[in-house]
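Here is how the chains run, residue by residue.
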Amino acid sequence: LFLQKDTDTATNALAGAQIKWLKNKLVTDLTELGFDYMNGGHCTANAPRFVITVDAVEFTFGCSSGTASPAPDDPVNWTRVRFDLTSLPTTGTIEDARIIFDEGTDAGTGQIYLDNIDINGALIGKPGKAKPPQLP
């Protein structure tokens, strides 16, 4: 997944992806969240980030706020990030789940490649190849 904002951060624009199959799931169904990113890309506490909306409240998980380690498939060129989900409420319904990239070239490179997007251990890679994780 290539995300880019080729302008300054103040410009009202963003790139992103919606994770439709989390909609209307219980928040307790979400147990793991993360992605791999290509080294040298834009990774800050704000972008890219997961935004999970639970009962009208947004919870964000920004790239550099996760736990980073070398990605197993290519540790030289990719970094794996996993997020601590303890800030999510213990009850509630997920209304929306997205990956958002809205920082521009004034805050970094303005672009990032993501791969192996992790939802509950299901790694989503190439378009059309992913199957939604089995949720209760």
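In short, a report on the structure. Because the structure is a prediction, the values reported are computed rather than measured.

Check the secondary structure of the chain and you find 0 helices and 10 strands. Put simply, the chain runs from its N terminus to its C terminus through helices and strands in the order β-β-β-β-β-β-β-β-β-β. Since a compact globule built from 136 residues should have a radius of gyration of about 14 Å, the 14 Å found for the chain is in line with a globular shape. Structurally, the chain occupies a C-alpha span of about 40 × 35 × 30 Å along its principal axes. Burial status across the chain gives 43% buried among its 136 residues. Expressed as a percentage of contacts within the chain between residues at least 6 apart in sequence, the contacts between residues at least 24 apart total 73%. Here the chain displays about 7300 Å² of accessible surface, and carbon together with sulfur accounts for 50% of that area.

Pairs can form between side chains of opposite charge once their charged atoms are near each other. Under the definition given, this model contains 5 salt bridges. Residues Arg-80 and Asp-36 are paired through a salt bridge, measuring 2.7 Å at the closest nitrogen-oxygen approach. Of the two residues, Arg-80 sits in strand 7 (residues 78–82) while Asp-36 sits in strand 3 (residues 33–38), which places them 44 residues apart along the sequence. For Arg-80, a relative accessible area of 15% gives the class buried.

Mapped onto the elements, Phe-50 comes out in strand 4 (residues 49–54). Distance from Phe-50 to Thr-31, taken between C-alpha atoms, is 14 Å for residues 19 residues apart in sequence. In this view, Phe-50 contacts Ile-19, Leu-33, Gly-34, Phe-35, Phe-59, Thr-60, Phe-61, Phe-83, Arg-98, Ile-99, Ile-117 and Ile-119; residues no more than four positions away in its chain are not counted.

Counted according to the given criterion, the structure contains 1 disulfide. Each sulfur of the disulfide joining Cys-43 and Cys-63 lies 2.0 Å from the other. Taking the torsion about the sulfur-sulfur bond, which here is approximately -100°, the covalent link between Cys-43 and Cys-63 counts as left-handed. One end of the pair, Cys-43, is in the loop between strand 3 and strand 4; the other, Cys-63, is in the loop between strand 5 (57–62) and strand 6 (67–70), and 20 residues separate them in sequence. Cys-43 sits in the partly exposed class, given a relative accessible area of 23%.

Moving on to the pairing of strand 4. Successive side chains on a regular strand alternate, one facing one side of the sheet and the next facing the other. The element strand 4 is largely enclosed, with a buried count of 6 among its 6 residues. Here strand 4 shows no split at all, with Arg-49, Val-51 and Thr-53 on one side and Phe-50, Ile-52 and Val-54 on the other all buried. Between strand 4 and strand 5, which pair antiparallel one after the other, the connecting turn spans 2 residues, and Asp-55 there sits at a positive phi close to 45°.

Where nonpolar side chains cluster on the molecular surface, the patch consists of Phe-2, Met-38 and Tyr-113 and spans about 260 Å² of accessible area. With respect to the helices and strands, the residue Met-38 is situated in strand 3. The exposure class of Met-38 is partly exposed, given its relative accessible area of 33%.

Inspection of the secondary structure puts Gly-125 in the segment after strand 10 (122–124). Between the alpha carbons of Gly-125 and Ala-56 there is a distance of 29 Å; along the sequence they are 69 residues apart. Among all residues touching Gly-125, those that are not within four sequence positions of it are Asp-115 and Asn-116.

About the thresholds
- Residues numbered from 1 in each chain as written.
- Predicted model: local features only at pLDDT ≥ 70, side-chain atom pairs only at ≥ 80, totals over all residues.
- Heavy atoms only, no water.
- Helix = DSSP H or I, 4+ residues; strand = E, 2+ residues; numbered from the N terminus.
- Rg over C-alpha atoms; globule rule 2.2 N^0.38 Å.
- Buried < 20%, exposed > 50% of the residue type's maximum accessible area, 1.4 Å probe, protein only.
- Contact = heavy atoms within 4.5 Å.
- Areas by Shrake-Rupley, 256 points an atom, 1.4 Å probe, with all protein chains shown as cover.
- Salt bridge = Lys/Arg side-chain N within 4 Å of Asp/Glu carboxyl O.
- Disulfide = S-S within 2.5 Å.
- Pairing = 2+ DSSP bridges.
- Patch = residues over 30% accessible without salt bridge, like charges linked within 9 Å, V, L, I, M, F, W, Y side chains within 5 Å.

Note that every value here comes from positions in space, so none of it alone points to a role or purpose.
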